[in-house]
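# Report on the structure
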Amino acid sequence: MNEQTFLALLLYPDESREAFSVLLPLEGTRPPGLLRTSATFEGARAVEVFRLADASSWPEAAAYVYEETLPGTVRDGVAVEQVPMPDD
């Protein structure tokens, strides 16, 4: 990790799936409000949405909790799409 990256911890509230982490580039002074990751659902392209849950260790790390799976894709060329806070 360096000053241009942060560790995003992606958690599932019911622990039905194992939590994981990804190292992401800093894209602002505040953590992104949502992270969207590529997924598949019943064979179709989908996006898992994670909402910011804890930023007490920002800018080194932030925790996100799974919210929902939606049909769709993330931006081309990225594995995890960062969605800014509404007032950024």
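Whatever comes next refers back to the structure up there.
The following paragraphs examine the structure supplied in this document.

Calculation criteria
- Residues numbered from 1 in each chain as written.
- Predicted model: local features only at pLDDT ≥ 70, side-chain atom pairs only at ≥ 80, totals over all residues.
- Heavy atoms only, no water.
- Salt bridge = Lys/Arg side-chain N within 4 Å of Asp/Glu carboxyl O.
- Helix = DSSP H or I, 4+ residues; strand = E, 2+ residues; numbered from the N terminus.
- Buried < 20%, exposed > 50% of the residue type's maximum accessible area, 1.4 Å probe, protein only.
- Pairing = 2+ DSSP bridges.
- Axes fitted to C-alpha atoms, helices over the stretch in contact; angles between N-to-C directions.
- Core = buried A, V, L, I, M, F, W, Y, C linked by side-chain atoms within 4.5 Å.
- Contact = heavy atoms within 4.5 Å.

## A word on the pattern of salt bridges
By the definition in use, this model includes four salt bridges. The shortest N-O distance in the salt bridge between Glu67 and Arg51 comes to 2.5 Å. With Glu67 in strand S5 (residues 61-71) and Arg51 in strand S4 (residues 44-54), this residue pair connects regions lying 16 residues apart in the sequence. Taking the shortest distance from any N to any O, the salt bridge between Arg75 and Glu81 comes out at 3.9 Å. Judged by its relative accessible area of 13%, Glu81 falls in the buried class. Among the charged side chains, a network of salt bridges with common partners joins Arg36, Arg75 and Glu81.

## Describing unusual backbone geometry
Residue Trp58 is joined to Pro59 through a cis peptide bond whose omega torsion reads 10°. Looking at the element boundaries, Pro59 is found in the loop between S4 and S5.

## A few points about the environment of Thr40
Mapping Thr40 onto the fold places it in strand S3 (residues 34-41). Remark: the alpha-carbon pair of Thr40 and Thr73, spanning 33 residues in sequence, is separated by 9.5 Å.

## Looking at the sheet that holds S3
Spatially, S2-S1-S5-S4-S3-S6 is the arrangement adopted by the six strands of the open sheet, whose pairing is mixed. Both edges of this open sheet fall to strand S2 (20-25) and strand S6 (80-83), since each of them pairs with a single strand only. Looking at each pair of strands side by side, their axes are set apart by 35° on average, direction ignored. Inspection of the sheet shows strand S1 (residues 5-11) paired to S5 by five bridges, in the parallel sense. Bridged to Leu9 within S5 is Ala63.

## A few points about the nonpolar core
Within the largest apolar cluster, twelve residues are counted, these being Phe6, Ala8, Leu10, Tyr12, Val22, Leu24, Leu35, Phe50, Trp58, Ala62, Tyr64 and Val80. Contributing elements (two or more residues each) for this core: S1, S2 and S5. In terms of residues, this core owes the most to one element, S1, which gives three residues. Here Phe50 is in contact with Leu10, Leu11, Tyr12, Phe20, Gly33, Leu34, Leu35, Thr37, Tyr64, Val65, Tyr66 and Glu67, once residues within four sequence places are set aside.

The values are spatial; any link to function lies outside them.
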